[in-house]
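Residue-level structural notes
Here is what each chain is made of, one letter per residue.
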Amino acid sequence: MTPLQSRFALGDIHIPAVGFGTYLIADDDAAGVVADAISVGFRHIDTAAGYHNEAGVGAGIADGIARAGLSRDDLFVTTKLWPGNAAWGDPPKGYDETRAAFEASRTALGLDVIDLYLIHAPSGADKRVEQWQALCDLKTEGMVRAIGVSNYTEAHIEEIRAAGLPMPEANQIELHPWSQKPDLVAFLRAEGILPIAYSSLVPLSTWRAEPGQSSAKTEEMKADSQSAESPFKTMAARYGVSEAQLLLRWGVQSGFPVLPKSTNADRMKQNLDLFSFEISRQDMDMMAAMDRGDGVAWATGDPRDMG
Ligand code: A2P
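Position numbers for residues count from 1 along each chain, tracking the sequence in the order it is written. Residues qualify for local features only when their pLDDT is at least 70, as the model is predicted, and side-chain atom pairs are given and counted only at 80 or more; totals for whole chains, interfaces and linings, by contrast, use all residues. Side-chain numbers come from the whole structure's heavy atoms, not from hydrogens or water.

1. Describing a negative patch on the surface
Among the surface-exposed residues, Asp 96, Glu 97, Asp 126 and Glu 130 lie close enough to one another that they form a single negatively charged patch. By the criteria applied, helices consist of DSSP H or I runs no shorter than four residues and strands consist of E runs no shorter than two, each listed in order from the N terminus. With respect to the helices and strands, the residue Glu 97 is situated in helix α3 (residues 95–109). The exposure class assigned to Glu 97 is partly exposed, which follows from its relative accessible area of 45%. Exposure above 30% relative accessible area and no salt bridge define the residues that can form patches, which grow by joining like charges within 9 Å and nonpolar side chains of Val, Leu, Ile, Met, Phe, Trp and Tyr within 5 Å. For every accessible area listed, the method is Shrake-Rupley and the probe measures 1.4 Å; residues are considered covered only by the protein chains on display. We define a salt bridge as a side-chain nitrogen of Lys or Arg found within 4 Å of a carboxyl oxygen belonging to Asp or Glu. His is not counted here, nor are the chain ends, while Lys and Arg score as positive and Asp and Glu score as negative. Where a charge sits is defined by one atom per residue type, namely NZ (Lys), CZ (Arg), CG (Asp) or CD (Glu). A 1.4 Å probe rolled over the protein chains alone gives each residue an accessible area, and that area as a share of the maximum for its type sets the label: buried under 20%, exposed over 50%, partly exposed in between.

Okay, here's the thing in structure tokens:
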């Protein structure tokens, strides 16, 4: 399995196992970074209206496709509806506002069709089902190839079932050895909903270590990330790979597409190179015992609690 060939089933289409995440890449920088990511081999680009970089990402997609001699169909593009969040003074979007937000994302990205459109978080409260209805209609109309949610719990997904609407095809959630969400993942598997992993690199010492890159990572986690005795460092050394590669491989080997972000071309290449080694069953079992519970990527706490 090479990075370009490896894909997971997503409803009746396929999604690349390794995608390029763009959270915290400024709009002005996004075009160059995304074009570089495509040049080194990424074929899935993940953005969101809430990242405020869709225009830059779209320019990078156009440039990257041209530079690599690709066509639009060679690339898989995900973006997300920002659903609103009353707790932040941001009124939840209804059906028409959801459709308008989709149109704005599509225009900013410069694309006719979006491969995967997600509701970014369950913070839409009593508008959640209307928002989902709008996504279902976008899919029926051929504007998006697959639809899903992000940061949803079992209860939020059950709400969709109770409304008699088609179930999501994916749920993008924070997943790494410190936040494995086994019950939610088992539920998603049973329902045929693909879990997509974000923030796979949380246990790295360098993860969001720069000023202004806040998270809910605890001091204890930060110390454990830095420890020379970190089990991830020890294990990665045994496989002759970097700690980042080990964490990303844990994701794909668990059956989750991963979305590493890097602005550095060498690290981008490293993050795509996950298929020349395999984590042993014994080491996967050891990692299964490292779960610490909720995610930490959001400074405001695990976004599954947002609604
Ligand atoms: P950089 O862009 O300098 O490579 P997030 O998960 O918040 O989106 O960010 C990923 C973080 O992990 C970034 O700070 C990125 O820094 C860093 N990173 C990405 N890939 C690697 C890697 N292979 N080795 C070390 N750090 C990495």
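Next comes the rest of the account.
2. Quick notes on unusual backbone geometry
Of note in the backbone geometry, Leu 24 takes a positive phi value of approximately 75° without being a glycine. Of note, Leu 24 is situated in the loop between β3 (20–21) and α1 (27–40). Looking at Leu 24, the relative accessible area reads 39%, which means it is partly exposed. Phi is positive for Lys 181, close to 45°, though the residue is something other than glycine. Mapped onto the secondary structure, Lys 181 falls in the loop between β8 (170–174) and α6 (182–191). You can call Lys 181 buried: its relative accessible area is 8%.

3. Some points on the sheet that holds strand β7 (residues 144–150)
For two strands to be treated as a pair, DSSP must find no fewer than two bridges joining them. Spatial strand order, β3-β4-β5-β6-β7-β8-β9: seven strands in an open sheet with parallel pairing. Edge positions in the open sheet fall to β3 and β9 (194–198), since each of these has one partner strand only. Of the pairings in the sheet, the one linking β8 to β9 comprises five bridges and is parallel in character. Bridge pairing links Glu 174 to Tyr 198 in β9. By the convention used here, residues are in contact when the closest approach between their heavy atoms is within 4.5 Å. Fitting a line to C-alpha atoms yields each axis, with helices limited to the stretch in contact; the angle taken between N-to-C directions then spans 0 to 180 degrees. Against the sheet, α6 engages β8 and β9, with an angle of about 165° to β8.

4. Considerations on the environment of Ala 197
Position of Ala 197 relative to the elements: it lies in strand β9. Here Ala 197 falls in the buried class, since its relative accessible area comes to 0%. Along the chain, Ala 197 and Gly 255 lie 58 residues apart, while their C-alpha atoms are 9.5 Å from each other. Apart from the residues lying within four places of it in its own chain, the contact partners of Ala 197 are Ile 173, Leu 175, Phe 256, Pro 257, Val 258 and Leu 259.

5. Here we look at the site of the ligand
Around the ligand sit Leu 201, Leu 204, Thr 206, Trp 207, Arg 208, Ala 244, Lys 261, Ser 262, Thr 263, Arg 267, Gln 270 and Asn 271, and those are all the residues in its vicinity. We define a polar contact as two N or O atoms separated by no more than 3.5 Å, with the added condition that, inside protein, one atom must be a possible hydrogen donor and the other a possible acceptor, whereas residues neighbouring each other in sequence contribute only through side-chain atom pairs. At 2.8 Å, a side-chain N or O of Trp 207 approaches an oxygen atom of the ligand. In this structure, an oxygen atom belonging to the ligand sits 2.5 Å away from a side-chain N or O atom of Ser 262. Protein chains shield 85% of the accessible area of the ligand, which is 570 Å² for the free molecule. Using only the protein atoms, space was sampled on a 1 Å grid; points where a 1.4 Å probe fits but cannot get out form cavities, open sets with protein on both sides within 12 Å along at least five of seven lines form pockets, and lining residues are those with an atom within 4 Å of a point. Molecules are considered to sit inside a cavity or pocket once more than half of their atoms lie within 2 Å of its grid points. In a pocket analysis with a 2 Å cut-off to the grid points, the ligand is assigned to the largest pocket. The greatest single-element share of the shell around the ligand, amounting to three residues, is contributed by helix α10 (residues 265–272). For this classification, the nonpolar set comprises Ala, Val, Leu, Ile, Met, Phe, Trp, Tyr, Cys and Pro, the charged set comprises Asp, Glu, Lys and Arg, and every other residue, Gly included, is treated as polar. Residue composition of the shell around the ligand, grouped by class: four nonpolar, five polar and three charged. Each residue is tested against the molecule or strand, and it is near if at least one of its non-hydrogen atoms lies within 4 Å.

6. Looking at the nonpolar core
With 90 residues, the main nonpolar core has Leu 10, Val 18, Phe 20, Ile 61, Tyr 117 and Trp 132 as its most contacted residues. Per-element accounting of this core gives the leading share, six residues, to helix α9 (residues 243–253). Ignoring anything within four residues of it in the chain, the contact list for Tyr 117 reads Thr 79, Lys 80, Leu 81, Thr 98, Ala 101, Phe 102, Leu 135, Leu 138, Val 144, Ala 146, Ile 147 and Gly 148. Residues belong to one nonpolar core when they are buried, are Ala, Val, Leu, Ile, Met, Phe, Trp, Tyr or Cys, and are joined through side-chain atoms within 4.5 Å.

Just distances and angles here, no functional claims.
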